[in-house]
Amino acid sequence: MGEFAIGQSVLREEDPRLLTGGGEFLDDVNLRHQAWGHVLRSPHAHAKIVSLDISAARQAPGVIAVLTGADWAAENYGTLPCEENRKKADGSPMFQPYRGALVTDRVRLVGDYVAFVVAETRLQARDAAELIDVDYAPLPAITSIADAIAPGAEPVWPENPDNFCFTHAEGDLAAVEAAFKGADHIVTKKLVVNRVTAVTMEPRGCLGDYDPHTGRYTLYTGLQNPHPVRHQIAREIFGIPETRVRIVPGDVGGSFGMRGGTYPELLLVLWASRLVDRPVKWICDRSEGFMSDDHARDNLSELSLALSNDGIFLGLKIKTYAAMGAYLAIRGPRPPVGNLGTLAGVYRTPAAYVEINGVFTNCNPTNPYRGAGAPEAAYIGERLVDIAARALDMDPVEIRRRNCVTPDQMPWTNALGYIYDCGDFPGNMEKALEAVDYAGFETRRAEAAGRGRLRGLGLSNTVKKTSSPNLESCDIRFDPSGTVTLLMGTISHGQGHETIFKQIVCDRLGLDPSTIRYVQGDTDLVTYGRGTFNSRSTAIGGSAAALACEKIIAKATRIAAHMLEASEADMEFGDGRFTVAGTDRTITLVDVAKTAYKATALPPDIEPGLDETGVFTPQYWNWPTGVQICELEIDPDTGTTDIVKFVCIDDVGTVINPLLLKAQMHGGILQGVGQALMEDIVFDPDSGQLITGSFMDYCMPRASDICNFEIISVPIPTASNLIGAKGGGESGPTGALPATINAVVDALKPLGVDHIDMPATPEKIWRTIQTVKRAGIPAP
């Protein structure tokens, strides 16, 4: 409708409330007679619990209860679930260890859950936890993939002695071996994707409230998928009907995948609330979050690419080891397996074979983090393309041109069997090259060299599978006065859902946005939805909203025809108004909605009211694509990096709100740049202690670390959903990781450097430069 329609850069509806203190995050939610919980965490990465004495803690001031793993075991609750089902190399089921809310006999990571103290105040709970006497017998800790798979390695789980969780393979190994046998060149490389964490603006927290009169649990917490988490807690862990659990998310201060599952604390506050007959609240501080939040990435890959003399890709072979951590997170095995299509990328490589091995370590579990495997896959794939171009002395752009799938070849099935329905991969690249002035780059490199700086340019051309084919729902409820409540099964944690979904509804129904109230998340209020992840909300939730609008229009057409004494076939609808074709007789949708609640004004075959639900499930995935080019300069004396240009060409199908799309790209790109240049979770290799346990050691990107972005949208709508949108939330980091490191390596190329692992920190770059200087390679 007017300036609030699809394609308009509408300012976010929710921002005035959030920016003026009107948000309701977990810290804002408090209940009468509320108690506080504190988790006693393990100081060891791996140890047996010899003894546990809680007597002094029970006597501490304000303490209400002290719960241990023995108490949890006595309840006979189920394990924290993992949604993924994989197999080991021999075909047997993957190893999935039992994980309770508290451990019993052994801890397996720093921060593991030893006891839960409930007290009158937060500080009293924390003080009492320090009185718990735990006798640990330390065991060797495994903190890296290389150590985990080494012969004779200490098992994280004795019943799984080789530390392998699963092995998953895709592709045609025989075809790959044949391609390698006939290749002119074979390029190999071992690449590391480092471990990072989400560090959301709002730390995790939860508040549990058990009602003994109804037997219902209410959980207040920020999360991504309220209905699935309700199912996990009720059916898989507590063993009770879903109707006895209510999830109330409120506002959510960021997630990026980290809040996507059932953490032990969610169970602890609910369980404790039942035991003490009071609401129980837990909030972690930042350092506790570093040691208890699910982490992400942490892969080691061995890659080989077979090529002809003219740079044509013939075969791709990849073996990846992915760290699962000490336990399986809700979707821990998904990232290394779920985005293998990105490995084949935008290229016509005829044969590919990929083997993924999940490995246990004495570290935090890993879970999806913005991109959920696509940034990792894009990084190793696009780095390999650059490495191959260098081995053949080819321009990285030219080797991509020779291998790109072209628009006339769509739909394209890549070498791993994934189908792209639409896209212009080479066209996107040419637009990006023009925007960055690729032709003038060598002149800029020479000018930088004259100032003593090393200038480099890196690009990536990537594709990412999004919008998993699961249902999503929308309920549009008109009330008797003609205003609307819009209820969505998705949940926003910073994306701007309230604005996006209102735009779709206003566009389809011609409503004034001020007449629409937006509701999300609360499982007692909204229709079942899968939630927000995998860049699915706009494509699938938006399609559910469009479907609900169609149903509203269909019913309202019948009512309008009756009101205007016309045939339904003669009714036309547009801009919020019904018109009898060929006449000036009209009536607004709002007036029709008001009449819908007057039973005596309706014919007997029309049910009163105007309330429709749309439930949409796509038949196949969609594939957003894009090209990112990073241009940067390095000071060889300090190793510092300055990004001076950054261009992003994106195709996310129909663009609902260009302003919000650019915001998504800005944030995603900066997260990718952050991992490429500075973010890194580090454990001490001997003790397993978390070294990067605060912002003093874990470096986060700032606005000053990036230049202005140039974001250019080139939408090609997909037919996979009702609005033509592709997922746009994860394209930023997917392309930024390889583009940034490719640029760093290109800047160091004159010194003879052919690779540098993430994060390319100033120290790492400086040391690399010193190493090549000592080796006698002349500086440019």
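Scroll up for the structure.
Residues numbered from 1 in each chain as written. Predicted model: local features only at pLDDT ≥ 70, side-chain atom pairs only at ≥ 80, totals over all residues. Heavy atoms only, no water.

### Structural notes on the overall build of the protein
Stage number 1. Looking only at helices and strands, one finds 21 helices and 28 strands in the protein.
Stage number 2. With the C-alpha coordinates aligned to their principal axes, the bounding extent of the protein is approximately 90 × 75 × 50 Å.
Stage number 3. Relative to all contacts within the protein whose residues are 6 or more apart in sequence, the contacts with residues 24 or more apart total 80%.
Stage number 4. A total of about 28,700 Å² of accessible surface is found on the protein, and carbon and sulfur atoms cover 51% of it.
Stage number 5. The protein carries 71 positive and 97 negative side-chain charges, and their two centres are separated by 1 Å. (Helix = DSSP H or I, 4+ residues; strand = E, 2+ residues; numbered from the N terminus. Contact = heavy atoms within 4.5 Å. Areas by Shrake-Rupley, 256 points an atom, 1.4 Å probe, with all protein chains shown as cover. Lys, Arg positive; Asp, Glu negative; His and termini not counted. Charge placed at Lys NZ, Arg CZ, Asp CG, Glu CD.)

### Focus on the pairing of strand β14 (residues 313-325)
Stage number 1. Within β14, ten of the 13 residues are buried, which leaves the element mostly enclosed by the surrounding structure.
Stage number 2. Where strand β13 (residues 295-307) lies against β14, nine bridges are found, and the strand directions are antiparallel. From the neighbouring strand, Ser304 faces β14, where its bridge partner is Lys317.
Stage number 3. Alignment of β14 against strand β15 (residues 352-360), held across nine bridges, turns out to be parallel. Considered in β15, the bridge of Ile318 is made with Val354. (Buried < 20%, exposed > 50% of the residue type's maximum accessible area, 1.4 Å probe, protein only. Pairing = 2+ DSSP bridges.)

### Remarks on the pairing of strand β18 (residues 454-463)
Stage number 1. Among the ten residues that make up β18, ten are buried, leaving the element largely enclosed by the rest of the structure.
Stage number 2. Burial of the side chains of β18 extends over both faces: Leu454, Gly456, Gly458, Ser460 and Thr462 are buried on one face and Arg455, Leu457, Leu459, Asn461 and Val463 on the other.
Stage number 3. Judged from the ten bridges that link them, β18 and strand β26 (residues 625-634) form a sheet pairing that is antiparallel. Note that in β26 the partner of Gly458 across the bridge is Cys630.

### Some points on the layout of surface pockets
Stage number 1. Here the second largest pocket defines a volume of roughly 490 Å³.
Stage number 2. In terms of lining residues, the second largest pocket is bounded by 23 residues, among which Asp386, Met394, Pro396, Asp746 and Lys749 are the most central.
Stage number 3. Where the lining of the second largest pocket is concerned, the elements lending two or more residues are α12 (374-391), α13 (396-403), α15 (441-450), β18 and α20 (731-748).
Stage number 4. Ranked by residue count, the leading element in the lining of the second largest pocket is α12, at five residues.
Stage number 5. The class makeup of the residues in the lining of the second largest pocket is ten nonpolar, two polar and eleven charged. (1 Å grid on protein atoms, 1.4 Å probe; cavity = no way out; pocket = protein on both sides within 12 Å on 5 of 7 lines; lining within 4 Å. Points joined across faces, edges and corners; volume = space filled by probe spheres on them. Nonpolar A, V, L, I, M, F, W, Y, C, P; charged D, E, K, R; others polar.)

### Here's the deal with the environment of Gly576
Stage number 1. Take Gly576: it is sitting in the loop between β22 (571-574) and β23 (577-580).
Stage number 2. Assessed through its relative accessible area of 9%, Gly576 is described here as buried.
Stage number 3. In this structure, the C-alpha to C-alpha distance between Gly576 and Gly215, residues 361 residues apart in sequence, is 46 Å.
Stage number 4. Not counting chain neighbours up to four residues away, the residues in contact with Gly576 comprise Leu509, Gly510, Thr588 and Leu589.

### Concerning the sheet that holds strand β25 (residues 611-616)
Stage number 1. One open sheet holds the four strands; their spatial order is β21-β20-β19-β25, and the pairing between them is mixed. Only two strands of the sheet have a single partner each, and these edge strands are β21 (516-520) and β25. Adjacent strand axes in the sheet meet at a mean angle of 15°, parallel and antiparallel pairs treated alike.
Stage number 2. Strand direction decides the pairing type here: strand β20 (residues 484-488) and β21, joined by five bridges, are parallel. Note on β21: the bridge partner recorded for Met488 is Gln520.
Stage number 3. Here helix α16 (residues 497-509) sits on the sheet in contact with β19 (472-478), β20 and β21, set at roughly 135° to β21.
Stage number 4. Its contacts with the sheet put helix α17 (residues 537-563) on β19, β20 and β25, and the angle it makes with β25 is roughly 140°. (Axes fitted to C-alpha atoms, helices over the stretch in contact; angles between N-to-C directions.)

### Observations concerning unusual backbone geometry
Stage number 1. Omega for the peptide link from Met410 to Pro411 comes to -5°, which places this bond in the cis form.
Stage number 2. With respect to the helices, strands and loops of the structure, Pro411 is situated in the loop between α13 and β16 (412-413).
Stage number 3. Along the chain, Met758 connects to Pro759 via a cis peptide bond; the corresponding omega equals -10°.
Stage number 4. Here Pro759 lies in the loop between α20 and α21 (762-774).
Stage number 5. Backbone geometry at Asp277 places phi at a positive 60°, although glycine is not the residue there.
Stage number 6. Position of Asp277 relative to the elements: it lies in the loop between α8 (264-276) and β12 (280-283).
Stage number 7. Phi at Asn534 takes a positive value of approximately 55°, unusual for a residue other than glycine.
Stage number 8. Examined against the element boundaries, Asn534 turns out to sit in the loop between β21 and α17.

### Quick word on the nonpolar core
Stage number 1. Ile132, Ile643, Phe646, Val744 and Leu748 are the most contacted members of the largest nonpolar core, which totals 111 residues.
Stage number 2. Not counting chain neighbours up to four residues away, the residues in contact with Leu748 comprise Leu454, Ile634, Val753, Ile765 and Ile769.
Stage number 3. If you look at the next biggest cluster of nonpolar residues, it comprises 49 residues, including Ala35, Phe238, Val245 and Met258. (Core = buried A, V, L, I, M, F, W, Y, C linked by side-chain atoms within 4.5 Å.)

### Quick look at the packing of aromatic side chains
Stage number 1. Per the counting criterion, the structure on display carries 18 aromatic pairs.
Stage number 2. Considering the side-chain rings of Tyr217 and Phe238, the 5.2 Å spacing of their centres and the 40° angle between planes classify their relative orientation as tilted. Placement of Tyr217 in strand β10 (residues 216-221) and of Phe238 in helix α7 (residues 226-238) is noted, with a sequence separation of 21 residues between them. Summarising the burial analysis for this pair, Tyr217 and Phe238 share the class buried.
Stage number 3. Aromatic rings pair up to connect Trp72, Tyr77, Tyr210, Tyr217, Phe238 and Trp271 into one cluster.
Stage number 4. Just above the ring of Phe533 sits the side chain of Arg536; from NZ or CZ to the centre is 5.1 Å. (Phe/Tyr/Trp six-rings, centres within 6.5 Å; stacked < 30°, edge-to-face > 60°. Lys NZ or Arg CZ within 6 Å of the ring centre and 35° of its normal.)

### Things to note about the packing of α12 against α20
Stage number 1. Packing of α12 against α20 leaves a shortest axis separation of 7 Å and a crossing angle of 30°. The angle between α12 and α20 places the two elements in the roughly parallel class. Judged by the twist between their axes, the crossing of α12 over α20 is right-handed. When α12 is examined against α20, the residues Ala374, Pro375, Ala378, Tyr379, Glu382, Arg383, Asp386 and Arg390 are found in contact with a partner set consisting of Pro733, Thr734, Leu737, Pro738, Ile741, Asn742 and Val745.
Stage number 2. Residues that form the contact of α12 with α20 fall into these classes: nine nonpolar, two polar and four charged. (Parallel < 35°, antiparallel > 145°, perpendicular 65-115°, else oblique. Left-handed = near helix turned anticlockwise from the far one by under 90°.)

### Things to note about empty space enclosed by the protein
A probe as big as a water molecule, rolled over the atoms, marks out the empty space that is left.
Stage number 1. Applying the stated criterion to the full structure yields nine cavities of 30 Å³ or more.
Stage number 2. Size it by volume and the largest cavity reaches roughly 140 Å³.
Stage number 3. Lining the largest cavity are 18 residues, with Leu343, Ala344, Tyr347, Gly381 and Val385 positioned closest to its centre.
Stage number 4. Among the secondary structure elements, those contributing two or more residues to the lining of the largest cavity are β14, α11 (341-344), α12 and β18.
Stage number 5. In terms of residues, the lining of the largest cavity owes the most to one element, α12, which gives six residues.
Stage number 6. Of the residues belonging to the lining of the largest cavity, the class tally is eleven nonpolar, six polar and one charged.
Stage number 7. Empty space within the second largest cavity amounts to approximately 90 Å³.
Stage number 8. Lining the second largest cavity we find 14 residues, and of these Asn299, Pro336, Glu376, Ala377 and Ile380 sit closest to its centre.
Stage number 9. It is α12 that contributes the most residues to the lining of the second largest cavity, three residues altogether.
Stage number 10. Grouping the constituent residues of the lining of the second largest cavity by class yields eight nonpolar, five polar and one charged.

### Description of the pattern of salt bridges
Stage number 1. For the structure on display, the rule yields 49 salt bridges.
Stage number 2. The residue Arg246 makes a salt bridge to Asp524 at a minimum N-O spacing of 3.5 Å. One end of the pair, Arg246, is in strand β11 (residues 245-248); the other, Asp524, is in the loop between β21 and α17, with 278 residues separating them in the sequence.
Stage number 3. We classify Asp524 as partly exposed; its relative accessible area is 37%.
Stage number 4. Taken together, the shared-partner salt bridges connect Asp437, Arg444, Glu447, Arg451, Arg453, Arg455, Glu631, Glu633, Asp635 and Asp642 into one network. (Salt bridge = Lys/Arg side-chain N within 4 Å of Asp/Glu carboxyl O.)

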